[in-house]
Amino acid sequence: MGNTVAVSGTAFTPDHAALIKRMTENLILALDPDEAGVKAAGRAARAALSSGLNVKVVQLPKGLDPADLIKEKGP
């Protein structure tokens with residue numbers, strides 16, 4: 001998939017958001033659909049929003065992480 005950056009959701013920081021903002025105003029977060037992924041998406045979204053990014057969070061089907069979903073269904 002083009003224009004994609006992989007980072008551990010628990011490791012996403014305001015510094016990551018600032019780097020992304022240099023290239024785009026928009027961020028789409030797609031993290032694992034388990035409890036840890038949902039919490040990480042919230043933290044990452046807050047960091048991104050505070051940096052001025054437009055943020056969307058993808059709701060993935062249970063049991064599939066982003067890489068598995070792309071392998072199974074395609075981009």
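Residues numbered from 1 in each chain as written. Predicted model: local features only at pLDDT ≥ 70, side-chain atom pairs only at ≥ 80, totals over all residues. Heavy atoms only, no water.

Student: Help me out: how do you make sense of the pattern of salt bridges in this one?
Tutor: Proximity of charged atoms lets side chains of opposite charge pair with each other. Per the counting criterion, the structure on display carries three salt bridges. Measuring nitrogen to oxygen at the nearest pair gives 3.0 Å for the salt bridge that ties Glu25 to Lys21. On the basis of relative accessible area, Lys21 is assigned to the partly exposed category, the value being 29%. (Salt bridge = Lys/Arg side-chain N within 4 Å of Asp/Glu carboxyl O. Buried < 20%, exposed > 50% of the residue type's maximum accessible area, 1.4 Å probe, protein only.)

Student: I'm lost on helix H2 (residues 35–50) in this one. Help?
Tutor: Because the α-helix completes a turn every 3.6 residues, residues three or four places apart line up on one side. With 16 residues, H2 extends 23 Å from end C-alpha to end C-alpha; this agrees with the ideal 22 Å at 1.5 Å per step. Within the span of H2, buried status applies to Gly37, Ala40, Ala41, Ala44, Ala45, Ala47 and Ala48. One side of H2 carries all its buried residues, which in axial view fall inside an arc of 165 degrees. Facing away from the buried side of H2 by more than 90 degrees, the exposed set consists of Glu35, Val38, Arg46 and Ser50. Each element contacted by the buried residues of H2 is listed here: helix H1 (14–21), strand S1 (26–29) and strand S2 (54–57). Backbone geometry just after H2 places Gly52 at a positive phi near 90 degrees. (Helix = DSSP H or I, 4+ residues; strand = E, 2+ residues; numbered from the N terminus. Expected span 1.5 Å × (residues − 1). Arc of directions from axis to C-beta. Contact = heavy atoms within 4.5 Å.)

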